[in-house]
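Observations on the model geometry
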Amino acid sequence: MREATTQETTRPPVASLADPLRWPALPLAGVAALLTAAHLAVVTRHGGVGWDEALYISQVSPRFPAAAFSAPRARGITYLIVPAVQLTGSLNLLRAYLTVLGGAALFLAYWPWLALTSRRSIVTLAALLFGGLWVTGFYGSEVIPNFWVAVAGLAMTGWFVRCARSGGRAAHTGLVVSGAVAALMRPGDAFWIWLPLPVAALFVRRWRRPGLLLAVVAAPVLGLAQWTVESFQRYGGPLERLRRSSAIEGGLGWHPRAILFELHAINGPLECRPCGTSVPHTPIILWWLAVPLLAAGGVVLAVRARRAEPTVMAAVCGVSAGVPYLLLVGYSAPRFLLPAYALLALPVADCLADLPSRLPRFRWAVAGLVGVALVAQVGSQQVELLRTARQNAAQRRIYANGAAGLRRLGLRAPCLLSGSRSVPVAFYLGCRTDQPGGILQSTTPERIVADAHRVPTGVLVRGARPPVYAADWVRHPLSGLGRHWSVYLPPWYRPS
């Protein structure tokens, strides 16, 4: 009896699955709604389409011809934007749609974790920490899959722990659905998040149940179904598609300096390729350096308090999610680590919430310092979000300016563009795009020339030399795209 009493007092009772449907979810919903409102005010007013966005939108938009879809990409994000893209061509409305949907996804991703602990304030704090990052706010409104694989992977891990603890049809369904969504969005990232789950299901004795293993396996299988079918249809199978993906990504392998690449790009550029290893001299990066320390502290405190399962699984899956981008990829982008941030926010929040009680003599002073640090962190991240949104809008405006210059030369749909930056410029013109060479090859030079006799065709070039097949084409400076940019038009084309 004494042992049972001790166990009951040291380990908080786990909430039932129905509990988070009631008032305990309100603080989490409030954080999600507040962040959504802030992101709506900041991000949706600063637009301009990016290269990747133009490509993804073109796959499902009735207003643009579909651009070539390369091997590393997955179609999950295109399915997500179908309702908005089919209804409107407004980029601002599309961003608002994704921002609102992203706020709901943030809530749903952390929601299963509420049922795993009686200290639900930790889950709310974790949502604030992750949702308050500038990179979360920025990519939650972008037509880019990284945010979505992050929230789906976070939910998958939470539902897995729920299944492992007590099972239930709802928990198994949540695990399968969220895992399938993660794999559909970005198979490579989903794999690294998922990898610790079957290991835990096999080696933790009390979790070794057929139903849990079946759900863990079924999640990626369902999510990869479309990717696998497309691999056979277009690339000769999944292995060949992975080989092509590695070539396009510059070759996946051992890149121990990748961690410095990520630190270099923590506050931009949005893609660092090639990337330097210099460390930004600004206090705003301190949170990044503190994450592994605080996450490790959260795990230690959770183990000592005998509530280790959720915190440890979040930490392990978070570390696993960061492995490819910290060690195996030779370039960086701030969005790459979104899945790691989403998962590690839970042990970090666990550590921050426990710090005051671990120093009882200085409880109020420590609590005050933690509160000030949180306000400073979230506030500085929102300032950085505004700066990035404005800067990015100015950079992307060149695509619209380039399209305006081409329109003055008479290029209008139906038309064809090739060359660097052709995809985002074609987005504003409604042109088709093709590349006759390189790792993104989608056609041949002969076909480009043949198409040029049927529709207005231009080749965008930075510098003086056009490709060989367009050696006798006429050069027209295109100042809107920046310095040294030109478009080469066939000699039989007469600009209007």
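See the structure printed just above.
Counting restarts for each chain: residues are numbered from 1 in the order of the written sequence. Per-residue local features are limited, in this predicted model, to residues with pLDDT of at least 70; the limit for side-chain atom pairs, both in listing and counting, is 80 or more; totals at the level of whole chains, interfaces and linings are taken over all residues. Only hydrogens and water are set aside when side-chain values are computed; all heavy atoms of the structure are taken into account.

1. Regarding the state of the cysteines
For clarity, the threshold we go by: When the sulfur atoms of two cysteines come within 2.5 Å, that pair is taken as a disulfide. Secondary structure elements are taken from DSSP: a helix is a run of H or I of four residues or more, a strand is a run of E of two residues or more, and numbering for both begins at the N terminus. Three labels apply to residues, based on accessible area from a 1.4 Å probe with only protein chains included: buried if under 20% of the type maximum, exposed if over 50%, partly exposed otherwise in between.
For the coordinates displayed, the defined rule picks out 1 disulfide. C415 shares a disulfide with C431; S-S distance 1.8 Å. Disulfide C415-C431: torsion about the S-S bond near -85°, hence left-handed. Highlighted residues: C415 in the loop between helix 19 (363–408) and strand 1 (416–419) and C431 in the loop between helix 20 (422–429) and strand 2 (432–433), separated in sequence by 16 residues. Across this residue pair, the class does not change: C415 and C431 are buried. Here C163 is not disulfide-linked; the sulfur of C317 is the nearest cysteine sulfur, at 13 Å. Free cysteine: C351, not disulfide-bonded; nearest cysteine sulfur from C317 at 19 Å. Under the relative-accessibility criterion, C351 is labelled buried at 7%.

2. Considering the pattern of salt bridges
Definition in use: By convention in these notes, a salt bridge is any Lys or Arg side-chain nitrogen within 4 Å of a carboxyl oxygen on Asp or Glu.
Evaluated as defined, the whole model comprises 22 salt bridges. Measuring nitrogen to oxygen at the nearest pair gives 3.2 Å for the salt bridge that ties R119 to D350. Taken together, the residues R119 in the loop between helix 5 (91–114) and helix 6 (120–131) and D350 in helix 18 (residues 338–358) connect sequence positions 231 residues apart. Since its relative accessible area comes to 22%, R119 is described here as partly exposed. The closest approach of N and O atoms between E142 and R396, which form a salt bridge, is 2.8 Å. Here R396 lies in helix 19 and E142 lies in the loop between helix 7 (134–139) and helix 8 (146–166), a separation of 254 residues in the sequence. Residue E142 is classed as buried on the basis of its relative accessible area of 2%. According to the relative accessible area criterion, R396 is buried, its value standing at 9%. Because the salt bridges share partners, they merge into one network encompassing E53, R95, E142 and R396.

3. Notes on helix 10 (residues 187–194)
Here is the rule we go by: The arc in question is the one spanned by the directions pointing from the helix axis to the C-beta atoms.
For helix 10, the set of buried residues is P187, D189, A190, I193 and W194. The buried side chains of helix 10 occupy one side of the element, clustering within an arc of 160° when seen end-on.

4. Points about the environment of P477
Test applied: Working rule for contacts: check all heavy atoms of both residues, and any pair within 4.5 Å makes them a contact.
Along the polypeptide, P477 turns up in strand 4 (residues 474–477). The residues touching P477, leaving out its near neighbours within four places in the chain, are W485 and S486.

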